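# Examination of the molecular architecture
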Amino acid sequence: MAALPARRSGRTPTVVNPSREFEDIYDRMGQLMNFAFGLTPAVLTDMPWVPTADLSETDDAYVAQVDLPAVNKDQVEVQIQDRELIVSGEITEPEDSSSGRRRHRSSRRTGQFEFRTYLPGDVKADAVTAQLSDGVLTVTVPKSEAAKPRKIEITG
């Protein structure tokens, strides 16, 4: 196991956690950007965050896998509008006072989230299915007959 780098402050060395250092820099850069563009904390809390997701395609359907750890199905809404897939919801801040614990640090995303993507072809909106398992929401959007690939026979 590799040793963590040490920083000297005065006479006693302190252990530096590189990932924590990068998180701090990222947080400070975000605050600077928000200040530069005039975004106040009230404005920022109204903006939904975007969960990570993958969009893939089979011969019969488009499949979106959206990462939503620690989310229950009653916290998520899935919609199809024309060819746009919309996954939205809200993750509420846990109540620490009821458990008698004080939070020292939290890096989990909370608040409103929204994932939007346009699907490349026509879909059967009435046949869409969604399944939430192990923190991943899998949305399967069947293609319309016109959007499915067709094999063309070559003559001659």
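To keep things clear, this report deals only with the structure shown in the data block. (Residues numbered from 1 in each chain as written. Predicted model: local features only at pLDDT ≥ 70, side-chain atom pairs only at ≥ 80, totals over all residues. Heavy atoms only, no water.)

## What about the overall build of the protein?
The helix and strand tally for the protein stands at two helices and nine strands. The secondary structure elements of the protein, listed N-terminal to C-terminal, are β-β-α-α-β-β-β-β-β-β-β. For the protein, with 156 residues in total, the buried portion stands at 20%. Contacts spanning at least 24 positions in sequence make up 53% of the contacts within the protein whose residues lie at least 6 apart. Accessible surface, the protein as shown: approximately 12,200 Å² in total, 51% of it carbon and sulfur. (Helix = DSSP H or I, 4+ residues; strand = E, 2+ residues; numbered from the N terminus. Buried < 20%, exposed > 50% of the residue type's maximum accessible area, 1.4 Å probe, protein only. Contact = heavy atoms within 4.5 Å. Areas by Shrake-Rupley, 256 points an atom, 1.4 Å probe, with all protein chains shown as cover.)

## Observations regarding the packing of aromatic side chains
Ring pairs (aromatic) are described by centroid distance and by the angle formed between their planes. Applying the stated criterion to the full structure yields one aromatic pair. Geometrically, the ring pair formed by Trp49 and Phe113 is tilted, given 5.6 Å between the ring centres and 50° between the ring planes. A residue pair is termed long-range when its members are at least 10 positions apart, and Trp49 in the loop between α2 (41-46) and β3 (53-57) and Phe113 in strand β7 (residues 111-118) qualify at 64 residues. The two residues Trp49 and Phe113 agree in class, both being buried. The positively charged end of Lys143 is found above the aromatic ring belonging to Tyr62, 5.1 Å away from the centroid. (Phe/Tyr/Trp six-rings, centres within 6.5 Å; stacked < 30°, edge-to-face > 60°. Lys NZ or Arg CZ within 6 Å of the ring centre and 35° of its normal.)

## Observations concerning the layout of surface pockets
Space inside the second largest pocket adds up to approximately 400 Å³. Around the second largest pocket, the lining is made up of 20 residues, and of these Ala70, Ile91, Arg108, Arg109 and Thr110 lie nearest the centre. Its residues placed into classes, the lining of the second largest pocket shows seven nonpolar, six polar and seven charged. (1 Å grid on protein atoms, 1.4 Å probe; cavity = no way out; pocket = protein on both sides within 12 Å on 5 of 7 lines; lining within 4 Å. Points joined across faces, edges and corners; volume = space filled by probe spheres on them. Nonpolar A, V, L, I, M, F, W, Y, C, P; charged D, E, K, R; others polar.)

## Observations regarding a nonpolar patch on the surface
A contiguous nonpolar patch, built from Phe22, Ile25, Met29 and Leu32 and spanning about 430 Å² of accessible area, is present on the exposed surface. Along the chain, Ile25 turns up in helix α1 (residues 18-36). (Patch = residues over 30% accessible without salt bridge, like charges linked within 9 Å, V, L, I, M, F, W, Y side chains within 5 Å. Salt bridge = Lys/Arg side-chain N within 4 Å of Asp/Glu carboxyl O.)

## Re the nonpolar core
Formed by 17 residues in total, the largest nonpolar core has its most connected members in Leu68, Val76, Val87, Phe113, Leu137 and Val139. For this core, the secondary-structure elements that each account for two or more residues are β4 (61-67), β6 (84-91), β7 and β9 (136-142). If near-sequence neighbours (up to four positions away) are discounted, Val76 is found in contact with Leu68, Val71, Val87, Ser88, Phe113 and Leu137. (Core = buried A, V, L, I, M, F, W, Y, C linked by side-chain atoms within 4.5 Å.)

## Notes on the pattern of salt bridges
Summed over the entire model, instances satisfying the criterion amount to four salt bridges. Between Arg116 and Glu84 there is a salt bridge, with its nearest N and O atoms 2.9 Å apart. Remark: Glu84 occurs in strand β6 and Arg116 occurs in strand β7; sequence separation between them is 32 residues. For Glu84, a relative accessible area of 9% puts it in the buried group. Linked by salt bridges that have partners in common, Glu84, Glu114 and Arg116 make up one network.

In short, geometric facts, not functional conclusions.
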